[in-house]
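# Architecture and fold: a report
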Amino acid sequence: MLLGQSLGGPRKLNIYFRETIRHMMDIGIGSVIIVALIAFFIGAVTAVQFSYQLGGTLIPRYYIGYIVRDMTIIELAPTITCLVLAGKVGSNIASEIGGMRQKEHIDAMEIMGVNTASFLILPRVIAGLTMIPLLVFMAAIISIFGAFVASVPIGLFSADEFIKGLGMFYDPYNVFMMFVKSVVFAFILITIPAYQGYNVRGGSIELGNASTAAVVFSNVFILLSDYFIALLLTT
Amino acid sequence: MIRVEKIYKQFGDLEVLKDINVEFERGKTNLIIGRSGAGKTVLLKILIGLIIPTSGTVFYDDTDFYKLNKKQIRKLRMEVGMLFQASALFDSYTVEENIRFPLDMFTNFTPAEKSNRVNSCLEKVNLEGVNNRYPSEISGGMQKRVGIARAIVMHPQYLFCDEPNSGLDPKTSILIDQLIRDITRENNITTIINTHDMNSVMEIGENIILLQDGHLVWQGSSGDVLSTDSGIIQNFIFASPFLQRLKKLALEK
């Protein structure tokens with residue numbers, strides 16, 4: 001119902017546009033460092049672990065590049081990035097909107113005649129759907145770069161082997177799958193916290209609970225939808 | 001004019017408002033008073049549609065508020081201004097952006113027209129030159145005045161004030177009261193104020209209703225407060241020995 005209200009036609013597009021840009025900056029630019037850091041180490045650890053696991057087997061070393069690339073694109077970049085963003089962005093949205101509810105900002109807007117569900121949620125959804133897939137794409141690239149930087153200089157495999165692996169069996173459909181996941185996860189991690197924050201009642205304990213619930217539910221739904229998307233797009 | 005008809009409100013087993021019938025007149029400062037828990041805030045929130053009554057309705061002039069659909073309610077609310085107890089200014093907006101917010105949302109004014117309207121409202125509340133400050137950078141009294149400026153920027157027909165004097169020093173309280181009364185008279189709007197401030201009652205109470213345990217138990221003006229024999233109003237308004245002595249002196253004069 002809240003989602004339906006939030007899609008109610010915006011009165012002033014320029015105000016909504018300004019709000020959307022503000023949230024794009026918060027969600028996108030504000031998350032670049034944490035996403036980059038996590039992506040780098042995910043790539044690094046994946047490469048090191050696979051190098052260890054393939055050690056002593058007949059599987060060629062260049063397979064590490066191929067495995068890192070596909071694991072990153074299909075699963076790690078969208079899922080881990082969005083789980084992290086559910087914590088960072090999701091809790092922020094729940095607390096911000098919940099705080100506005102408690103400080104009567106939402107009531108003040110309602111009394112002015114503003115469709116608060118639309119004004120508070122729609123720009124965040126648009127910002128999330130735009131910025132989060134870009135963050136996931138960035139995470140995928142940084143992750144692969146992290147795998148290279150963490151493994152090649154210490155001799156786990158050579159640069160040529162890694163680059164050869166990266167180019168093997170490339171299927172653009174995997175990139176499509178990554179974007180599908182990132183869009184669905186973005187929608188989940190924006191709307192669930194927005195709902196929790198919008199409907200918060202009571203004081204600071206309830207606000208804290210709403211923020212926690214926002215992160216927990218977002219994570220659970222991201223993982224559930226990850227499974228169903230995998231089923232839908234791969235079988 | 002706002003007319004309340006047969007309002008009842010129940011939260012679970014708790015009856016908060018019982019058979020409230022009252023008319024709030026245009027061009028007058030209408031006060032809702034009563035002890036904490038008497039149902040003042042619930043009544044105010046029912047008047048503006050933030051709480052739905054269990055039964056009964058509210059008329060804005062001839063319009064039955066509770067028969068309007070969401071779109072019509074939003075349209076009507078553009079004629080409503082509200083000053084909240086804690087001002088409810090948006091923290092991330094400057095004073096100017098706060099006051100301009102309804103203009104940005106609902107008008108096609110040019111930036112210059114909006115700026116003129118904001119400045120004229122700030123002038124009305126005696127608060128010039130703070131346009132670029134944030135709410136956290138101004139005092140509580142100034143925040144209340146910014147709240148009033150935001151409430152009147154759309155030239156509302158109905159003004160609601162929830163405890164406008166709470167947390168203010170006596171002098172600032174008087175200024176806020178005078179401001180609300182002047183705005184009400186100048187613009188001939190229907191103003192409803194929820195307060196426990198006895199100074200407000202005596203200074204600007206043109207139509208006062210007293211709620212007790214969810215019932216409307218007394219109605220009159222500030223002049224009537226002094227002359228009435230009603231024990232309920234006497235006990236409520238002149239609760240302290242100091243105020244009782246003051247009343248005695250006033251009557252002797």
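A short tour of the structure in this document, coming up.

Calculation criteria
Each chain carries its own residue numbering, running from 1 in the written order of its sequence. To read the labels, note that chains go from A and ligands from 1, taken in the order they are written. Residue-level local features of this predicted model are given only where pLDDT is at least 70; pairs of side-chain atoms are given and counted only at 80 or more, and the full residue set underlies all totals for whole chains, interfaces and linings. Here the side-chain values reflect all heavy atoms present in the structure, with hydrogen atoms and water set aside. Going along the chain from the N terminus, every DSSP run of H or I of four or more residues is numbered as a helix, and every run of E of two or more is numbered as a strand. Here the globule rule reads 2.2 Å times residues to the power 0.38, and the radius of gyration is calculated from C-alpha atoms. When checking whether two residues touch, look at their non-hydrogen atoms; a contact exists if any pair is within 4.5 Å. Computed with the Shrake-Rupley method and a 1.4 Å probe, the accessible areas treat only the protein chains shown as cover for residues. Neither His nor the chain termini are counted; the positive set is Lys and Arg, and the negative set is Asp and Glu. Lys charges are placed at NZ, Arg charges at CZ, Asp charges at CG and Glu charges at CD. Only the contacting stretch of a helix is used when fitting its axis, a line to C-alpha atoms as for every element, and angles between N-to-C directions run 0 to 180 degrees. Oblique is the label for any angle not under 35 degrees, not over 145, and not in the 65 to 115 range, which are roughly parallel, roughly antiparallel and roughly perpendicular in turn. If you view the pair so one helix is near and one far, a crossing is left-handed when the near helix is turned anticlockwise from the far one by less than a right angle, and right-handed when it is turned clockwise. Each residue gets one label: Ala, Val, Leu, Ile, Met, Phe, Trp, Tyr, Cys and Pro are nonpolar, Asp, Glu, Lys and Arg are charged, and the others, such as Gly, are polar. By this definition, two strands are paired if DSSP reports at least two bridges between them. Whether two aromatic rings pair depends on their centres lying within 6.5 Å, for rings of Phe, Tyr and Trp, where Trp uses its six-membered ring; planes under 30 degrees apart make the pair stacked, over 60 edge-to-face, and the rest tilted. Remark: exposure states derive from per-residue accessible area (1.4 Å probe, protein chains only) relative to the maximum for the residue type, with buried under 20%, exposed over 50%, and partly exposed in between. Only Lys NZ and Arg CZ are tested; either one counts as a charge over a ring when it is within 6 Å of the ring centre and within 35 degrees of the ring normal. Helices are assigned an expected span. That span is 1.5 Å times one less than the residue count. Here the quantity called buried area is the total loss of accessible area, with a 1.4 Å probe, experienced by two parts when brought into contact, counted for both. Put simply, a salt bridge is a Lys or Arg side-chain nitrogen that is within 4 Å of an Asp or Glu carboxyl oxygen. Two N or O atoms count as a polar contact when they lie within 3.5 Å, although within protein this holds only if one can serve as hydrogen donor and the other as acceptor, and sequence-adjacent residues are included solely when both atoms are side-chain atoms.

### Focus: the overall build of chain B
What chain B contains, in helices and strands, is 10 helices and 10 strands. Taking 253 residues into account, the globule formula puts the C-alpha radius of gyration at 18 Å, and chain B, at 19 Å, falls close to it. Its C-alpha atoms give chain B principal-axis dimensions of roughly 55 × 45 × 30 Å. Restricting the contact set of chain B to residue pairs at least 6 apart, pairs at least 24 apart contribute 64%. Entry remark: accessible area of chain B is about 11,600 Å², with carbon and sulfur atoms responsible for 48%. When the 30 positive and 31 negative side-chain charges of chain B are each reduced to one mean point, those points stand 2 Å apart.

### Things to note about the packing of helix α4 (residues 63-102) of chain A against helix α7 (residues 159-166) of chain A
Residue and element names in this part refer to chain A. Relative to each other, α4 and α7 sit at 50 degrees, their axes nearing to 6 Å. Judged by the angle between their axes, α4 and α7 are oblique. Helix-helix and strand crossings are classified by hand; for α4 and α7 the assignment is right-handed. When α4 is examined against α7, the residues Gly65, Tyr66, Val68 and Arg69 are found in contact with a partner set consisting of Phe162, Gly165 and Leu166. Among the residues forming the contact of α4 with α7, the class breakdown is four nonpolar, two polar and one charged.

### With respect to the sheet that holds strand β2 (residues 14-24) of chain B
Residues and elements named next belong to chain B. Taken in spatial order, the four strands of this open sheet run β2-β1-β4-β5, and their pairing is antiparallel. Strand pairing shows two members of the sheet lacking a second neighbour, β2 and β5 (63-64), which therefore form its edges. By the bridge criterion, two bridges tie strand β4 (residues 55-60) to β5 in an arrangement that is antiparallel. In the strand pairing of β5, Tyr60 is matched with Thr63.

### Quick word on the packing of aromatic side chains
In the structure shown here, the tally under the stated rule is 19 aromatic pairs over all chains. Here B:Phe65 and B:Tyr66 contribute two aromatic rings whose centre-to-centre distance is 5.0 Å and whose plane-to-plane angle is 80 degrees, an arrangement assigned as edge-to-face. Taking relative accessible area as the criterion, B:Phe65 reaches 3% and is therefore assigned buried. Overall, B:Tyr66 belongs to the partly exposed group, its relative accessible area being 23%. For the ring pair B:Phe90 and B:Tyr93, a centre distance of 5.8 Å and an interplane angle of 85 degrees mean the geometry is edge-to-face. Here the two residues B:Phe90 and B:Tyr93 agree in accessibility, since each one is buried. Joined through ring pairs, the aromatic side chains of A:Tyr16, A:Phe119, B:Phe90, B:Tyr93 and B:Phe101 make up one cluster. Just above the ring of B:Phe59 sits the side chain of B:Arg3; from NZ or CZ to the centre is 4.4 Å.

### Side note on helix α2 (residues 13-27) of chain A
With 15 residues, α2(A) ought to run about 21 Å at 1.5 Å a step, and its terminal C-alpha atoms sit 20 Å apart, in line with that. Within α2(A), the full set of buried residues consists of A:Ile15, A:Tyr16, A:Glu19, A:Thr20, A:His23, A:Met24 and A:Ile27. The inward-facing, buried residues of α2(A) contact α4, α6 (116-151) and α8 (172-198) of chain A together with α3 (95-106) of chain B.

### Re the interface of chain A and chain B
By a widespread convention, an interface's size corresponds to the accessible area lost as its parts come together. Facing the 20 residues of chain A at the interface are 26 residues of chain B. Summed over both partners, the interface of chain A with chain B comes to about 2,200 Å²; 60% of that surface belongs to carbon and sulfur atoms. When the buried surface of chain A facing chain B is broken down by residue, A:Lys12, A:Ile111 and A:Met112 rank first, second and third, together holding 32% of it. At the junction of chain A and chain B, the tally comes to two salt bridges. Here B:Asp91 ties to A:Lys103 by a salt bridge, and the two come within 2.4 Å at their closest N and O atoms. Remark: the boundary between chain A and chain B carries four residue pairs in polar contact (both at pLDDT 80 or more).

### Considering the pattern of salt bridges
Side chains carrying opposite charge are able to pair once their charged atoms draw close together. Evaluation of the coordinates by the stated rule reveals 16 salt bridges over all chains. Note that A:Asp107 and A:Arg101 form a salt bridge whose closest N and O atoms lie 3.6 Å from each other. Given a relative accessible area of 13%, A:Asp107 falls into the buried group. For A:Arg101, a relative accessible area of 15% corresponds to the buried category. Overlapping salt bridges, with partners in common, bring together B:Glu96, B:Arg100, B:Asp104 and B:Lys114 in one network.

### What to know about the pairing of strand β3 (residues 29-34) of chain B
Residue and element names in this part refer to chain B. Most of β3 sits out of view: six of its six residues are buried. Here β3 pairs with strand β8 (residues 190-194) via four bridges, running parallel. What sits directly across from Leu31, in β8, is Ile193. Sheet topology note: the β3/strand β9 (residues 207-212) ladder contains five bridges and is parallel. Across the sheet, the residue bridging to Ile33 is Leu210, located in β9.

### Things to note about the side chain of B:Arg77
Structurally, B:Arg77 is set in helix α2 (residues 70-77). Within the structure, B:Arg77 has its side chain in polar contact with the backbone oxygen of A:Glu110 (distance 3.5 Å). With near-sequence residues (within four places) excluded, B:Arg77 lies in contact with A:Glu110, A:Ile111, A:Met112, A:Gly113, B:Ile48, B:Gly49, B:Leu50 and B:Phe65.

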